[in-house]
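Residue-level structural notes
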Amino acid sequence: MRTATISRKTSETSIDVTVNLDGTGVYTISTGIGFFDHMLEQLSRHGLIDMDVKTIGDLHIDQHHTVEDTGLAIGEAVKQALGEKRGIRRYAEALSPMDETLTRVALDISGRPFLVWKTEFSQKRLGEMDTEMFEHFFHSFAQAAGITLHVETLYGQNNHHIAESAFKGLARALRTAVEIDPRKADAIPSTKGKL
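Heads up: these notes are all about the structure in this document. (Residues numbered from 1 in each chain as written. Predicted model: local features only at pLDDT ≥ 70, side-chain atom pairs only at ≥ 80, totals over all residues. Heavy atoms only, no water.)

Inspection of every chain in the model, using the stated rule, returns nine aromatic pairs. Relative to Phe-134, the ring of Phe-35 lies with its centre 5.9 Å away and its plane at 65°, an arrangement referred to as edge-to-face. Here Phe-134 lies in helix H3 (residues 132-145) and Phe-35 lies in helix H1 (residues 34-47), a separation of 99 residues in the sequence. Residue class for Phe-35 comes out buried when judged on its relative accessible area of 9%. Residue classification places Phe-134 among the buried positions, given a relative accessible area of 1%. A ring pair is formed by Phe-36 and Phe-137, whose centres lie 5.5 Å apart and whose planes are at 75°; its orientation type is edge-to-face. Within this pair, whereas Phe-36 is found in helix H1, its partner Phe-137 is found in helix H3, the two being separated by 101 residues in sequence. Judged by its relative accessible area of 0%, Phe-36 is buried. (Phe/Tyr/Trp six-rings, centres within 6.5 Å; stacked < 30°, edge-to-face > 60°. Helix = DSSP H or I, 4+ residues; strand = E, 2+ residues; numbered from the N terminus. Buried < 20%, exposed > 50% of the residue type's maximum accessible area, 1.4 Å probe, protein only.)

This is the structure:
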């Protein structure tokens, strides 16, 4: 089993994250931000990654530190669980439809963190979550996980659907990229011999 547990404690947040990349999508998630919890549940369920996430953040200030540090902790846990990345498929993409919305997510577990974000919201908040924090989560996650990540909403109007299709797209692409390729289960998927 490819698992990892990360504890991240700062003056702004206290976070404990456990991931199992070979799971079935079982989760226990509590960040103090209901809509954010809902999105992380999608990441777990549709990515078949078991996740336990417990975040206590300085929400009396705003959501920035809570979302950023949770993204960093989950990304770090995924990176640690992948180890030397031997046998993974590495690349993946997903088209994620949700009613009138379609989002494309493509990623490379390259060790070179980068985010291209082409997703916009017409509302400032969804539930109690600031919509500008979605991009910040994806950026923090990609940075800590060492993933090149492209997220583009091709079309859509409902802000809830836009956010959810991005998280489900990440889940489906990540699920494929971390899978062990039976044709090369013993190899690092790079001509360099290291990722």
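Now that the structure has been shown, the text picks up again.
This next bit is on helix H2 (residues 64-82). With 19 residues, H2 ought to run about 27 Å at 1.5 Å a step, and its terminal C-alpha atoms sit 27 Å apart, in line with that. Of the residues flanking the end of H2, it is Gly-83, one or two places downstream, whose phi is positive at about 60°. (Expected span 1.5 Å × (residues − 1).)

As a further point, take unusual backbone geometry. Positioned with a positive phi, Lys-85 is a non-glycine residue whose angle comes to about 70°. Note that Lys-85 resides in the loop between H2 and strand S5 (91-98). Residue classification places Lys-85 among the buried residues on the basis of a relative accessible area of 5%.

With eight bridges connecting them, strand S2 (residues 13-20) and strand S4 (residues 50-57) associate as antiparallel partners. Each bridged residue has a counterpart across the sheet, and for Thr-13 the counterpart in S4 is Gly-57. Here strand S3 (residues 27-30) pairs with S4 via four bridges, running parallel. Of the residues in S4, the one forming a bridge with Ile-29 is Val-53. Taken together, S3, H1 and S4 constitute a β-α-β crossover, and its handedness is left-handed. (Pairing = 2+ DSSP bridges. Right-handed = clockwise from strand over helix to strand, strands pointing away.)

This brings us to the environment of Leu-170. Within the secondary structure, Leu-170 sits in helix H4 (residues 159-178). Using a relative accessible area of 0% as the deciding quantity, one classes Leu-170 as buried. With residues up to four places along the chain from it excluded, the contact list for Leu-170 reads Leu-43, Val-105, Leu-107, Phe-138, Phe-141 and Leu-149. (Contact = heavy atoms within 4.5 Å.)

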